[in-house]
Amino acid sequence: PEALRDQSYSTKSDVWSFGIMLYEIVAHREPHDNEDLISTAIKIRDEAYTPEIPEDCPPLLREIMQMCWKKDPNERPVC
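Rules used throughout
Numbering of residues begins from 1 in every chain and follows the order in which that chain's sequence is written. Restriction of local features to residues with pLDDT of at least 70 applies here, the model being predicted, together with a cutoff of 80 or more for giving and counting side-chain atom pairs; totals for whole chains, interfaces and linings are based on all residues. The side-chain numbers reported here are obtained from all heavy atoms of the structure, hydrogens and water having been left aside. Under the DSSP-based scheme used, a helix requires at least four consecutive residues in state H or I and a strand at least two consecutive residues in state E, with every element numbered from the N terminus. Put simply, the radius of gyration uses C-alpha atoms, and a globule should come to 2.2 Å times the residue count raised to 0.38. Residues count as neighbours in contact if any of their non-hydrogen atoms are within 4.5 Å of one another. Computed with the Shrake-Rupley method and a 1.4 Å probe, the accessible areas treat only the protein chains shown as cover for residues. Charge counting follows a simple rule: Lys and Arg are positive, Asp and Glu are negative, and His as well as the terminal groups are ignored. The atom standing in for a charge is NZ when the residue is Lys, CZ when it is Arg, CG when it is Asp and CD when it is Glu. When a residue's accessible area, from a 1.4 Å probe over protein chains only, is under 20% of the maximum for its type it is buried; when over 50% it is exposed; and in between it is partly exposed. The quantity known as pLDDT measures the predictor's confidence residue by residue, on a range of 0 to 100. Pairing of aromatic rings covers Phe, Tyr and Trp, the last through its six-membered ring, and needs centres within 6.5 Å; plane angles under 30 degrees mean stacked, over 60 mean edge-to-face, and all others mean tilted. In our convention, an over-ring charge means Lys NZ or Arg CZ found within 6 Å of a ring centre and within 35 degrees of that ring's normal. Put simply, buried Ala, Val, Leu, Ile, Met, Phe, Trp, Tyr and Cys residues joined by side-chain atoms within 4.5 Å make one nonpolar core.

A. Quick look at the overall build of the protein. Secondary structure summary: the protein contains four helices and zero strands in total. In terms of overall dimensions, the protein is globule-like: its C-alpha atoms have a radius of gyration of 12 Å, near the 12 Å expected for 79 residues. Projected onto the principal axes, the alpha-carbon positions of the protein cover approximately 35 × 30 × 15 Å. Nonlocal contacts in the protein, meaning residues at least 24 apart in sequence, comprise 58% of its contacts between residues at least 6 apart. By element, 53% of the accessible surface of the protein is carried by carbon and sulfur atoms, the whole surface being about 5,400 Å². Averaged over its 9 positive side-chain charges, the protein has a centre that lies 5 Å from the centre of its 16 negative ones.

Quick look at the structure:
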């Protein structure tokens, strides 16, 4: 979200992206693939909007994604 909002790139924004990559592996698809690109980007920027994790996702991967997607970058895991 901070990358979209402030064009601020850091290891914390990389951690967010890592969570998205895990989602793509688990879900076998891109996040928000049926949504409007611009409105989705605005929701990510303003609300830290994330894709819905599939029900059959292994609990450990679910937990990692949720940690990676914390709205406050300082609450995300350290690389």
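B. Main features of the environment of leucine 4. For leucine 4, the position within the fold is in helix H1 (residues 2-6). With 38 residues separating them along the chain, leucine 4 and isoleucine 42 place their C-alpha atoms 8.2 Å apart. Leave out the neighbours within four places in its chain, and leucine 4 touches Ala41, Ile44 and Arg45.

C. Fine view of the side chain of glutamate 2. Position of glutamate 2 among the secondary structure elements: in helix H1. On the accessibility criterion, glutamate 2 (5% relative accessible area) is buried. Not counting residues within four places of it along the chain, the set of residues in contact with glutamate 2 comprises Gln7, Ser8, Lys12, Ser13, Pro73 and Arg76.

D. Here's a closer look at the confidence of the model for the protein. Residues at a pLDDT of 70 or more form 100% of the protein, whose mean pLDDT is 95. Per-element averaging of pLDDT across the protein places H1 at the bottom with 92 and helix H4 (residues 59-68) at the top with 98.

E. View of the packing of aromatic side chains. The final tally for this structure, using the stated rule, is zero aromatic pairs. Cation over ring: lysine 43 sits above tyrosine 49, and NZ or CZ is 4.3 Å from the ring centre.

F. Local environment of the nonpolar core. Counting 14 residues, the largest nonpolar core has Trp16, Tyr23, Ile53, Cys57, Met65 and Trp69 as the members making the most contacts within it. Looking at this core, the element that brings in the most residues is helix H2 (residues 11-27), giving seven residues.

G. Structural context of the environment of glutamate 75. Among the secondary structure elements, glutamate 75 is positioned in the segment after H4. Residue classification places glutamate 75 among the exposed residues on the basis of a relative accessible area of 51%. Taking C-alpha positions, glutamate 75 is 15 Å from phenylalanine 18, a pair spaced 57 residues apart along the chain. Setting aside anything within four residues of it in sequence, one finds glutamate 75 in contact with Met67 and Lys70.

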